[in-house]
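Structural characterization, general
Here is how the chains run, residue by residue.
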Amino acid sequence: MSFDRLPARPGLGLKPQHYAQIIADKPELGFFEVHAENYMGEGGPPHRYLGAICEHYPLSLHGVGLSIGGQNALDQEHLQRLRRLVDQYRPESFSEHLAWSSHDEGYFNDLLPVPYTSETLHRVANHVDQVQQVLGRRMLLENPSTYVLFAESTIDEVDFLDAIVRRTGCGLLLDVNNVMVSAVNHRLDPHAYIDRFPIEHVGEIHLAGYDETTDEAGERLLIDAHGSRVRPDVFALYRHTIARTGALPTLIEWDNNVPGFDVLMDEVRLVDDVLAGTAEQRLAS
Amino acid sequence: MTSQRQFTTALIDPGRPVPQGLVSPRGTPDAKRFAVYRNNVHVSLVEAVAARFPVTRQLVGEEFFTGMARVYVGENKPQSPVMLHYGDSFPDFVAGFPPASTVPYLADVARLEAAWSDAYNAADHATLQVAELGAVPPQLLAEVILQLAPPTRFLRSRFPVGTIWSAHQARPVVIPAVKGGECVLLTRPAADVRVTVIPSADLAFLEFVQQGKSLSEAAEAVLTSFPDFDPGAALVGLAGLGAFAVSQAGASK
């Protein structure tokens, strides 16, 4: 089946433990998202299942390892691997992070923060240009969750993302949980962040659950954990976002302590209610 | 300016202070904030190793395994964002990890698990069917050079690792009383990986086939060490398990 874009409906991250159930039950869902790097093996069951699932659902390919915010040049080998996946599965969306994860010592398997300066803006924009050129398509860049600030930063995060969009023509992936995590961690107003965000460029929304701890001063420190239900304050912020943007493809991310598929579908129904509410509002107005 | 080199140096060495220029909203360095990154890296890499070596982990328990994996992760960072191959060197690390020496078969179980995930992710390729072998005229069969199917892996152990591994695929785990070494073959005859304990002679035969010997050369080489070896039975058995690829060379002869 071919789709031209992700529908403005809820989607789920695809997990191997749910492959068989999804193929058997064909749950009501707008799309599935996979981490690109998990499908960079040469063959075998992961590709067989993904191929079968793509017959029925639009696909969002979400990279976690390209290190777009890295000081070093982009890993061309990795970019080619992404290209092969894009050519093979023709996903309706490709997204990556405003972060870095590789340096000379190797790959760190985490999304590390980038300072916001004219120098890093130039570098990230160049990297996004390269990705879009090699993949032959527009990508979405995701706002990060961060735990520290850079003293050297001179540009606000929303302005930084907006400038990347203007320079490269890329779209944005708005992770509402990341907005909450960073806003609480850096004592900013999450609603103000959403209100300033260039929503006309948002192609997808992410939702996830956070964990909570404290920093050295004993103040709240939220961790982007992807291991629980979406927290109520993030859901409220999501409603606020959707009221502004209208319905958008919305992914529930749950990567750690992955629950049974029914629990994920409970989360999907909550998202569905928010998106349906927007549709009703639009009909009424 | 905080370079990514400064960041990563502090990331992998918990003894170092927070890199200069990284601050909390109060404008001061905050070790607990930076520790989130250290923890994310460490925990996610340990989890990646645990996910690839689940039986190894069950054999020593979660606490011991996590401690061992932490040491491994500290010394071995992934060299690629494709994490499917992370842990290739873990079995050797286990073999040389002194506290694990009380479980002498642990490293070989880890080898089997590394081979399992390699077989799982290997390229798709049609496997040679027994019927296709039967279609080759007997006088030509001896000269056929077979290729192993991409997922085919095998290992030889002084311990019954195939039995130990298989016992951990069911609940409750009941390990049969077996002694002595085992040779284990991993194949992907259809959709999924299959783990089979095979005779030592069959494994030797596979090794010779892998080296590019023709079927008759491989059989003769095995017979020097295993006089009772039955090449025909071994060939049919191994082909039935999906060990061989359909190769142009084999088909055209």
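Residues numbered from 1 in each chain as written. Chains lettered and ligands numbered in written order. Predicted model: local features only at pLDDT ≥ 70, side-chain atom pairs only at ≥ 80, totals over all residues. Heavy atoms only, no water.

1. Comments concerning the overall build of chain B
Within chain B, the regular secondary structure consists of 13 helices and six strands. Computed over C-alpha atoms, the radius of gyration of chain B comes to 24 Å, more than 25% over the 18 Å expected from 2.2 N^0.38 for 253 residues, which places it beyond the range of a compact globule. Along the first, second and third principal axes, the C-alpha atoms of chain B reach 85 × 45 × 30 Å. Out of the 253 residues belonging to chain B, those deemed buried represent 49%. The long-range share in chain B, meaning contacts at least 24 apart out of those at least 6 apart in sequence, stands at 64%. Of the side chains in chain B, 20 bear a positive and 22 a negative charge, and the two mean positions are spaced by 12 Å. (Helix = DSSP H or I, 4+ residues; strand = E, 2+ residues; numbered from the N terminus. Rg over C-alpha atoms; globule rule 2.2 N^0.38 Å. Buried < 20%, exposed > 50% of the residue type's maximum accessible area, 1.4 Å probe, protein only. Contact = heavy atoms within 4.5 Å. Lys, Arg positive; Asp, Glu negative; His and termini not counted. Charge placed at Lys NZ, Arg CZ, Asp CG, Glu CD.)

2. What to know about the interface of chain A and chain B
At the interface, 50 residues of chain A touch 45 residues of chain B. Across the chain A to chain B interface the summed buried area is about 4100 Å²; carbon plus sulfur atoms make up 56%. On inspection of chain A and its partner chain B, the count reaches five salt bridges. Here aspartate 215 of chain A and arginine 33 of chain B are joined by a salt bridge, their closest N and O atoms 3.1 Å apart. Where chain A meets chain B, there are 24 residue pairs in polar contact (both at pLDDT 80 or more). Counting only elements with at least two residues in the side of chain A that touches chain B, the list comes to helix 2 (45-54), helix 3 (76-89), strand 5 (100-103), strand 6 (106-112), helix 4 (118-135), strand 8 (149-150) and strand 12 (220-224) of chain A. (Buried area = accessible area lost by both parts, 1.4 Å probe. Salt bridge = Lys/Arg side-chain N within 4 Å of Asp/Glu carboxyl O. Polar contact = N/O pair within 3.5 Å; in protein donor to acceptor, adjacent residues only side chain to side chain.)

3. So, the pattern of salt bridges
For the structure on display, the rule yields 29 salt bridges over all chains. For the salt bridge of glutamate 28 of chain A with arginine 9 of chain A, the shortest nitrogen-to-oxygen distance reads 3.0 Å. Remark: arginine 9 of chain A occurs in the segment before strand 1 (10-13) and glutamate 28 of chain A occurs in the loop between helix 1 (19-25) and strand 2 (31-35); sequence separation between them is 19 residues. Members of the salt-bridge network, linked through shared partners, are Arg187, Asp215 and Glu219 of chain A together with Arg26, Asp30 and Arg33 of chain B.

4. Describing the pairing of strand 4 (residues 93-97) of chain A
Residue and element names in this part refer to chain A. The element strand 4 is largely enclosed, with a buried count of five among its five residues. Neither face of strand 4 is open: one carries Ser93, Ser95 and His97, the other Phe94 and Glu96, and all of them are buried. With three bridges connecting them, strand 3 (residues 59-62) and strand 4 associate as parallel partners. Following the sheet pairing, serine 60 is matched in strand 4 by serine 93. Handedness of the crossover joining strand 3 and strand 4 through helix 3: right-handed. Sheet analysis places strand 4 next to strand 7 (residues 140-142), joined by three bridges and oriented parallel. Bridge assignment links glutamate 96 to a residue of strand 7, and that residue is leucine 141. (Pairing = 2+ DSSP bridges. Right-handed = clockwise from strand over helix to strand, strands pointing away.)

5. Considerations on the packing of helix 10 (residues 200-210) of chain B against helix 12 (residues 231-240) of chain B
Packed helix pairs are characterised by how far apart their axes lie and by the angle those axes make with each other. All names here are of chain B. Contact geometry of helix 10 with helix 12 gives a least axis separation of 10 Å together with a crossing angle of 75°. Considered as vectors, helix 10 and helix 12 are oriented roughly perpendicular to each other. On helix 12, the residues that touch Asp202, Phe205 and Leu206 of helix 10 are Ala234, Leu235 and Leu238. Looking at the contact of helix 10 with helix 12 residue by residue, the class counts come to five nonpolar, no polar and one charged. (Axes fitted to C-alpha atoms, helices over the stretch in contact; angles between N-to-C directions. Parallel < 35°, antiparallel > 145°, perpendicular 65-115°, else oblique. Nonpolar A, V, L, I, M, F, W, Y, C, P; charged D, E, K, R; others polar.)

6. Focus on the sheet that holds strand 7 of chain A
All names here are of chain A. Sheet architecture is closed into a barrel: eight strands sit in the order 1-2-3-4-7-9-10-13, paired in parallel fashion. Adjacent strand axes in the sheet meet at a mean angle of 30°, parallel and antiparallel pairs treated alike. Pairing geometry for strand 1 and strand 2, over three bridges, is parallel. Bridging from a neighbouring strand, glycine 13 pairs with glutamate 33 of strand 2.

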